[in-house]
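# Chain and residue survey
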Amino acid sequence: MTRSEVIKVLGVTLSENVGGTDHSFRNLALVLASEGIQLSLAGPSGDTPTRRWWTESNLEYVPLEIPKRVGLRPTSGEGFNSKYDFFSQVPKSMRAVKALIGKVRSFDVVHSNDLMTHVDVVLAARLAVAGTDVADAGLK
């Protein structure tokens, strides 16, 4: 690779509000820009605090419409979400993959800033690299 080539990295966040991983990702973006590595952040569309905060640093923000998620534990931190809640995440993941495929094609590396989107990001990247169309992947 020559120094003139730019490596494009897309980070994916579900957060409308700035979190710790977003801070770390932006810190990396600011440092790596001088090394020919461009970090962009994909996150909720609209005028969110995360989008404003990211673009104030003159960094690329990619609006992304993906469904909200629930984890294994409820926000109370006690017990676990129901099996229904857990399995209801599968169609949400498929919608997220569908939304991500077109976005990730123009990036060299894709990174998930959120535990709930790790699988979605990997599937979207693999399908995009394989040149799979959304309809071909069964994600109509």
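Our subject is the structure listed above.
Here's a quick rundown of the structure.

The rules we used
Residues numbered from 1 in each chain as written. Predicted model: local features only at pLDDT ≥ 70, side-chain atom pairs only at ≥ 80, totals over all residues. Heavy atoms only, no water. 1 Å grid on protein atoms, 1.4 Å probe; cavity = no way out; pocket = protein on both sides within 12 Å on 5 of 7 lines; lining within 4 Å. Points joined across faces, edges and corners; volume = space filled by probe spheres on them. Nonpolar A, V, L, I, M, F, W, Y, C, P; charged D, E, K, R; others polar. Patch = residues over 30% accessible without salt bridge, like charges linked within 9 Å, V, L, I, M, F, W, Y side chains within 5 Å. Areas by Shrake-Rupley, 256 points an atom, 1.4 Å probe, with all protein chains shown as cover. Salt bridge = Lys/Arg side-chain N within 4 Å of Asp/Glu carboxyl O. Helix = DSSP H or I, 4+ residues; strand = E, 2+ residues; numbered from the N terminus. Expected span 1.5 Å × (residues − 1). Buried < 20%, exposed > 50% of the residue type's maximum accessible area, 1.4 Å probe, protein only. Arc of directions from axis to C-beta. Contact = heavy atoms within 4.5 Å.

### Describing the layout of surface pockets
Gaps left between atoms are located by rolling a probe of water-molecule size over the structure's atoms. Reported here for the largest pocket is a volume of approximately 210 Å³. Along the walls of the largest pocket sit Arg69, Phe86, Phe87, Gln89, Val90, Ser93, Leu115, Met116, His118, Val119 and Asp120, which together make up its complete lining. Partitioning the lining of the largest pocket into residue classes produces six nonpolar, three polar and two charged.

### Focus: a nonpolar patch on the surface
Together, Phe86, Phe87, Val90, Met94, Val119 and Leu123 give the surface a local cluster of nonpolar side chains, amounting to about 560 Å² of exposed area. Taken together, the elements giving at least two residues each to the nonpolar patch come down to helix H3 (83-87), helix H4 (89-104) and helix H5 (118-129). In this structure, phenylalanine 86 sits in helix H3.

### Some thoughts on H5
Compared with the 16 Å implied by 1.5 Å per residue over twelve residues, the 17 Å span of H5 between its first and last C-alpha is a close match. Listing the buried residues of H5 in full gives Asp120, Val121, Ala124 and Ala128. The arc enclosing the buried residues of H5, seen along the axis, measures out at 95 degrees, which places them on a common side. Along H5, exposed side chains directed more than 90 degrees from the buried face belong to Val119, Val122, Arg126 and Val129. Next to the buried residues of H5 lie strand S1 (7-12), H4 and strand S4 (109-112).

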